[in-house]
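The lines below spell out each chain.
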Amino acid sequence: MLKFPIYLDNHATTPLDPRVLETMMPYFGEHFGNAASRNHSFGWVAEEAVERARKQLASLIGATSKEIVFTSGATESNNLAIKGVAEMYAQKGNHIITAATEHKAVLDTCKRLEKHGCQVTYLPVRTDGLVDLDQLRDAITDKTILVSIMYGNNEIGTVQDIPAIGKLCHEKGVLLHTDATQAVGKIPVNVIQDNIDLLSASAHKMYGPKGVGMLYVRRKSPRVQLTAQMDGGGHERGMRSGTLNVPGIAGLGKAAELCQELMPHEMAEHARMRDHLKDKLMAELDETYVNGTMERRLPHNLNISFAYVEGESLLMGINDIAVSSGSACTSATLEPSYVLKALGAGDDLAHSSIRFGIGRFTTGEEIDYTAGKVIEVVKKLRELSPLYEMVKEGVDLTKVEWAAH
Amino acid sequence: MAYSDKVLDHYNHPRNVGSLDKKDPSVGTGLVGAPECGDVMKLQIKVNPETGVIEDARFKTFGCGSAIASSSLATEMLKGRTVDEALQIKNTEIVNELSLPPVKIHCSVLAEDAIKAAITDYKAKTLDAAPASAQSA
């Protein structure tokens, strides 16, 4: 039985796994203690939960417990990593390298640092969405202190070659931070094999609660130091003050454990559903383009442009399915997706894009329904589309003198 | 964003979708907007040359639901009006009728532009045709 609306926006957030909720509940109730209370059992029970979560997370990403710093989420982790390194290593240099397709939590953090005297290089990406390693190598100078490149992209799901990027950074004596919010728990991520020095992740993207995240901070070869960005009680080895969100952290730990256990199955299953969806859409609809490479991609991501159909009008027609569009009309800024623009796809294809995000609770039946519905609505909207009509008449749309407004 | 019932109605049941023969001298065609801006409207009118009354209007729109609704409504407003009456149509009438939020006002502006472009095209055609018809008379 299909239940509506269907949720296929798992890059925005994921539903809380009931097993995670169950793990969290006692820490809202009888185990309310402050994890920093060292002299009574209330504190010890809370601390035990926090340390268990630290182990679970460390196990998921190949780190040690002491390298996990709890935060309020990946936005805070990204801010802490980038600003913390910029401030701590200011004597060494002031140059940071990132990419045009990063999340705003990285890009806007870098923009702020530019106002405070940092130099930032925003690398372009290739049309497949990947960073060019040679361009990265050329961008590194003796003033470079940090490279921040995301693991898996939140819009187009492309997976950067982080092991190679990390190797390059280490050869050059530069730290690598990766925003791995979309990748951790979904694909194998290992901070040692991938040469990562700092890694951001969030609980609510992996079936955990909102409002809690983590920053991995490498402790040896090299030992990474950060300047704390909040003053207070000196929690989390002085890197992040503030009483720990014990229920949230317990949930994050359990979410990490479940992801680790289910990953082999989920990767295969989500990729199968994703490919099925893609094949059905592309078999039935002409002029349909996948954004970003299929070769290196998160298994649960599909981002497709349906040419000559505007994204928001498509969302309106499939209103019993929750997805996102790169169309300007669906964003607060009235600009189409900067990620798709960075691929050089052209604004018109950015306006026509839909992001599908498959999750733990997605069923094959939901995918079949979605494919059918999208095909029906795209066909209907193309009947309404002057652009589709013109193309069918043989008009080259790039040669038309449009009155841009 | 929540859509008004009237926008949803026009989106789900667009009025007067289609195309008229561009080459017909009694047909005026307006094509406004740009694909990279996310909306393009094609609006056509068919005018009775004797009375100057718009007898048919058709549209096709690439754009959000509000853009589709604005152009669908515009075709309804055009039918039965004279060309000169049609020139008086203001985007604010479309905004009020569809209860468009501020962020969607540009959709109504585009519809007004499309009406004006179609009329301009029609008038240009009749001017071109006038000497020819005078000769034949």
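Residues numbered from 1 in each chain as written. Chains lettered and ligands numbered in written order. Predicted model: local features only at pLDDT ≥ 70, side-chain atom pairs only at ≥ 80, totals over all residues. Heavy atoms only, no water.

A. Structural context of the overall build of chain A. Assigned secondary structure in chain A consists of 12 helices and 13 strands. Its C-alpha atoms give chain A a radius of gyration of 22 Å, near enough to 22 Å, the size a compact globule of 405 residues would have. Taken over the C-alpha atoms alone, chain A extends approximately 80 × 55 × 35 Å along its principal axes. Taking all 405 residues of chain A together, 58% fall into the buried category. For chain A, long-range pairs separated by at least 24 residues make up 72% of all intrachain contacts whose partners lie at least 6 apart in sequence. Averaged over its 43 positive side-chain charges, chain A has a centre that lies 6 Å from the centre of its 51 negative ones. (Helix = DSSP H or I, 4+ residues; strand = E, 2+ residues; numbered from the N terminus. Rg over C-alpha atoms; globule rule 2.2 N^0.38 Å. Buried < 20%, exposed > 50% of the residue type's maximum accessible area, 1.4 Å probe, protein only. Contact = heavy atoms within 4.5 Å. Lys, Arg positive; Asp, Glu negative; His and termini not counted. Charge placed at Lys NZ, Arg CZ, Asp CG, Glu CD.)

B. Seen up close, the sheet that holds strand 3 (residues 95–99) of chain A. All names here are of chain A. Spatially, seven strands are ordered 2-8-7-6-5-3-4 in an open sheet, and the strand pairing comes out mixed. Two strands lie at the open edges of the sheet, namely strand 2 (68–71) and strand 4 (119–123), each paired on one side alone. Taken over all neighbouring pairs, the strand axes of this sheet differ in orientation by 20° on average, direction set aside. The sheet contact formed by strand 2 and strand 8 (residues 213–217) spans four bridges and is antiparallel. Considered in strand 8, the bridge of V69 is made with L215. Contacts from helix 2 (residues 41–61) reach strand 2, strand 7 (198–202) and strand 8, with the element oriented near 115° to strand 2. Lying over the sheet, helix 6 (residues 162–172) contacts strand 5 (144–148) and strand 6 (175–179), oriented at roughly 155° with respect to strand 6. (Pairing = 2+ DSSP bridges. Axes fitted to C-alpha atoms, helices over the stretch in contact; angles between N-to-C directions.)

C. Geometry of the pairing of strand 10 (residues 301–306) of chain A. Among the six residues of strand 10 of chain A, six are classified as buried, and the element is accordingly described as predominantly covered. Along strand 10 of chain A, one buried face is formed by N301, N303 and S305 of chain A and the opposite face, lined by L302, I304 and F306 of chain A, is buried too.

D. Representation of helix 4 (residues 104–115) of chain A. All names here are of chain A. In a regular helix each residue adds 1.5 Å, so 12 residues correspond to 16 Å; helix 4 covers 16 Å between its end C-alpha atoms and thus fits that length. Within helix 4, the full set of buried residues consists of A105, V106, L107, T109, C110 and L113. If you follow the buried residues of helix 4, they end up packed against helix 3 (74–88), strand 3, strand 4, strand 5, strand 6 and helix 9 (338–342). (Expected span 1.5 Å × (residues − 1).)

E. Looking closely at the confidence of the model for chain B. Residue and element names in this part refer to chain B. Confidence along chain B averages 92 in pLDDT terms, with 93% of residues attaining 70 or more. With pLDDT under 50 throughout, residues 133–137 is counted as low confidence; its partners more than four residues away or in other chains account for zero contacts. Interface confidence for the predicted complex, given as ipTM, is 0.91, next to a pTM of 0.93. (pLDDT = per-residue confidence, 0-100.)

F. Region of the structure containing the packing of helix 2 of chain A against helix 7 (residues 246–284) of chain A. Residues and elements named next belong to chain A. Between helix 2 and helix 7, the shortest axis-to-axis distance is 8 Å and the interhelical angle comes to 30°. With respect to helix 7, the axis of helix 2 lies roughly parallel. Both helix 2 and helix 7 take part in a crossing whose hand is left-handed. For the pair helix 2 and helix 7, the contacting residues are A46, A49, V50, A53, Q56, L57, S59 and L60 in the first and V246, I249, A250, L252, G253, K254, A256, E257, Q260 and M263 in the second. The residue makeup of the contact of helix 2 with helix 7, split by class, is 12 nonpolar, four polar and two charged. (Parallel < 35°, antiparallel > 145°, perpendicular 65-115°, else oblique. Left-handed = near helix turned anticlockwise from the far one by under 90°. Nonpolar A, V, L, I, M, F, W, Y, C, P; charged D, E, K, R; others polar.)

G. Broad picture of the side chain of S26 of chain B. Residues and elements named next belong to chain B. In this fold, S26 is placed in the loop between helix 1 (5–12) and strand 1 (27–34). Within polar-contact distance, the side chain of S26 engages the side chain of K46 at 3.2 Å. Each residue touching S26, except ones within four places of it in the same chain, is listed here: I45, K46, V47 and Y122. (Polar contact = N/O pair within 3.5 Å; in protein donor to acceptor, adjacent residues only side chain to side chain.)

H. Layout of the packing of helix 3 of chain A against helix 4 of chain A. All names here are of chain A. Following both chains from N to C, one finds helix 3 and helix 4 inclined at 30°, their axes separated by 9 Å at the closest point. Of the possible angle classes, the one that applies to helix 3 and helix 4 is roughly parallel. Remark: the crossing between helix 3 and helix 4 carries right-handed chirality. Within the contact between the two elements, helix 3 uses T75, N78, N79, I82, K83 and A86 and helix 4 uses A105, V106, T109, C110, R112 and L113.

I. A look at the sheet that holds strand 1 of chain B. All names here are of chain B. On the basis of which strands lie adjacent, the open sheet formed by three strands has the order 1-2-3 and antiparallel pairing. Looking along the sheet, the strands with just one partner apiece sit at the ends: strand 1 and strand 3 (54–62). Taking the axes of each pair of neighbouring strands and ignoring which way they run, one obtains an average angle of 10° across the sheet. Bridge count between strand 1 and strand 2 (residues 39–47): eight bridges; the pairing is antiparallel. The residue of strand 2 that forms the bridge with A34 is D39.

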